[in-house]
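This is what each chain is made of:
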2 protein chains.
Amino acid sequence: MEFSQAKNKFIQTWGALGSQWGINKTMAQIHALLMVSPEALSMEDIMSELHISRGNASMNLRSLIDWGIIFKEYKAGERREYFVAEGNIDELARKIAKERSKREIKPTLRVLEEVTNLENTDTKEAAHFKAKTAELYEFVSRADSMLEKITDYKENWITKTILKLMK
Amino acid sequence: MEFSQAKNKFIQTWGALGSQWGINKTMAQIHALLMVSPEALSMEDIMSELHISRGNASMNLRSLIDWGIIFKEYKAGERREYFVAEGNIDELARKIAKERSKREIKPTLRVLEEVTNLENTDTKEAAHFKAKTAELYEFVSRADSMLEKITDYKENWITKTILKLMK
DNA sequence: TTGTAGTTTCAATAATAAATGAAAGATTAT
DNA sequence: ATAATCTTTCATTTATTATTGAAACTACAA
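Model, not experiment: these values are computed from the prediction. Position numbers for residues start from 1 in each chain and track the written sequence from start to end. For this description, chains carry letters from A and ligands carry numbers from 1, given in the order in which they are written. For a predicted model such as this one, the threshold for reporting local features is a pLDDT of at least 70, and the threshold for listing and counting side-chain atom pairs is 80 or more; totals across whole chains, interfaces and linings nevertheless cover every residue. Only hydrogens and water are removed before side-chain values are computed, so all heavy atoms of the structure are retained for them.

(A) Geometry of the side chain of S37 of chain A. Residue and element names in this part refer to chain A. Here S37 shows up in the loop between α2 (25–35) and β1 (41–42). For the exposure calls, accessible area comes from a 1.4 Å probe over protein chains only, and a residue counts as buried if that area is under 20% of its type's maximum, exposed if over 50%, partly exposed in between. The exposure class assigned to S37 is buried, which follows from its relative accessible area of 13%. Pairs of N or O atoms within 3.5 Å make up the polar contacts considered here, provided that, within protein, one atom can donate a hydrogen while the other can accept it, and that residues adjacent in sequence are counted only when both atoms are side-chain atoms. Polar side-chain contacts of S37 include one of 2.7 Å to the backbone oxygen of L33. Here a helix means four or more residues in a row that DSSP labels H or I, a strand means two or more in a row labelled E, and each is numbered from the N terminus.

Encoded structure:
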């Protein structure tokens, strides 16, 4: 396979994966492009490589920066901004996990906690509801804290230890 | 809070969470409804509780069955079908993890493997590309196998062990 | 075999989400 | 100041995804 073909395939695949995970396609593609670029790229570079508009590029670059997985870079004597991706993949995973936890899991936990505090458990339905949501709360909370712990070890020795444990 | 309010809030929240994870809203809502229902529900029940059409209900029930997280139930002497959710939450998580791995992670791994096999690494770009995709392959592959191992232990002792280890 | 009670399919429509591009904002150089 | 270069915003358009509903299909009962 040609380099340009391989690169394109990688960007498309990463974009598709993004969509399935609730991240918009372009955002994932820009990230893919920056990951495999040895040099920082300008907005123009990104627009022309991915055939997207200025507005689209601008907005998605901002989102990626908000997520903390790409950074701005300035070149001496140049006004234009350049962008690079987080280079360390463990760190990338850590940031994504943290962000999704903050945006999705934590709010869900708050709702679960709220609805499981239902006082009135007269009916069979209400009692079952309370039990199930409590169980769900426990589970989600446990999973979230596991994820947090696994990803918080930057050196990632714990991951290796776990894998060894489970051989 | 009233039971019916709490129930509604839970269903809405679960639906919203689903969308963010690439699962359609109705599918997640049906699942939420069945999870908190002590009795099996018919398609009619689901349609009227969620105010959705027959076609929508039928299609999403099928998807949920394909995922293995809800089941059909037949009542003696009744022609109509009833549905119940997987009751065990660990088992639910295991099935979801397995399904997403099969549908998304495994295909991604195949592409990563393919593109990283690029022969020609003359240019700096190509060399960097090969290195990055290889690194990504290693990472995704490691994460996938961890997930598999964690969720495969039905009794889940390993999860508890890990949490203890990381205190 | 016809009717009844149910389920599935799928083309049409509606709802949602993403992308465009032109105008407005910044920032630096002259 | 004014121009030049670059970035951001956001109303509009376009693309994607979900939903509807009516017809086709299935299985059983009379």
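(B) Up close: the relation of the copies chain A and chain B. Least-squares fitting of chain A to chain B yields an RMSD of 0.0 Å, with the superposition described by an axial translation of 0.0 Å and a rotation of 180°. When the rotation and shift are considered jointly, the pair of chain copies conforms to a two-fold rotation axis. Whether two residues are in contact is decided by their heavy atoms, any of which lying within 4.5 Å being enough. A shared binding surface is used by both copies, with 100% of the interface residues of chain A retained as interface residues in chain B. The copies are overlaid by a least-squares fit using only the C-alpha atoms of residues whose pLDDT is at least 70 in both copies.

(C) Just the protein's contact with DNA strand C, in detail. Inspection of the region around DNA strand C gives 19 residues, with T26, S53 and R79 of chain A together with R62 and R80 of chain B positioned closest. Near the protein, within 4 Å, the atoms of DNA strand C are sugar or phosphate in 64% of cases. Between DNA strand C and the protein, one listed contact pairs a base oxygen with a side-chain N or O atom of R79 of chain A at 3.0 Å. For DNA strand C, a phosphate oxygen lies 3.1 Å from a polar atom in the side chain of S58 of chain B. Among the elements of the structure, α4 (54–66) of chain A together with α4 (54–66) of chain B are those that each provide at least two residues to the surface near DNA strand C. Of the residues forming the surface near DNA strand C, the biggest block, five residues, is contributed by α4 of chain B. By convention in these notes, a residue is near a molecule or strand provided one of its non-hydrogen atoms lies within 4 Å of it.

(D) Quick look at the environment of M1 of chain A. The topology assignment puts M1 of chain A in the segment before α1 (3–20). Sequence-wise, M1 of chain A and T151 of chain A are 150 residues apart; in three dimensions their C-alpha atoms are separated by 35 Å. The contacts of M1 of chain A, once residues within four sequence positions are left out, are A6 and K9 of chain A together with E114 and L118 of chain B.

(E) Representation of the protein's contact with DNA strand D within the structure. In the vicinity of DNA strand D there are 19 residues, among which R62 and R79 of chain A together with T26, S53 and N56 of chain B approach most closely. In DNA strand D, atoms within 4 Å of the protein come 60% from sugar and phosphate. Here a phosphate oxygen of DNA strand D and a side-chain polar atom of S58 of chain A are 3.2 Å apart. Here a phosphate oxygen of DNA strand D and a backbone polar atom of E81 of chain A are 3.2 Å apart. Secondary-structure elements contributing two or more residues to the surface near DNA strand D are α4 of chain A together with α4 of chain B.

(F) Seen up close, the pattern of salt bridges. Definition used for salt bridges: Asp or Glu carboxyl oxygen within 4 Å of a side-chain nitrogen of Lys or Arg. All told, the structure shown has 28 salt bridges over all chains when counted by the stated rule. Note that E148 of chain B and K106 of chain B form a salt bridge whose closest N and O atoms lie 3.5 Å from each other. Remark: K106 of chain B occurs in helix α5 (residues 89–116) and E148 of chain B occurs in helix α6 (residues 124–152); sequence separation between them is 42 residues. According to the relative accessible area criterion, E148 of chain B is partly exposed, its value standing at 38%. Connected through shared salt-bridge partners, E99, K102 and R103 of chain A make up one network.

(G) Geometry of the environment of A32 of chain A. All names here are of chain A. The topology assignment puts A32 in helix α2. In this structure A32 comes out as buried when scored by relative accessible area, which is 0%. Leave out the neighbours within four places in its chain, and A32 touches F10, I11 and W14.

(H) How the structure looks around α4 of chain A. Residues and elements named next belong to chain A. For a helix, the expected span equals 1.5 Å multiplied by the residue count minus one. Here α4 contains 13 residues, and its C-alpha end-to-end distance of 18 Å stays within 8% of the 18 Å for a straight helix at 1.5 Å per residue. Along α4, the positions that sit buried rather than exposed are A57, N60, L61 and L64. Taken around the axis of α4, the buried residues stretch over an arc of 110°, which confines them to a single face. Across from the buried face of α4, at angles greater than 90 degrees, the exposed residues are M59, R62 and D66. Residues of α4 that are buried make contact with α2, α3 (43–50), β2 (70–74) and β3 (81–85). One or two residues past the end of α4 sits G68, with phi positive at roughly 75°. The directions considered for the arc run from the helix axis to the C-beta atoms.

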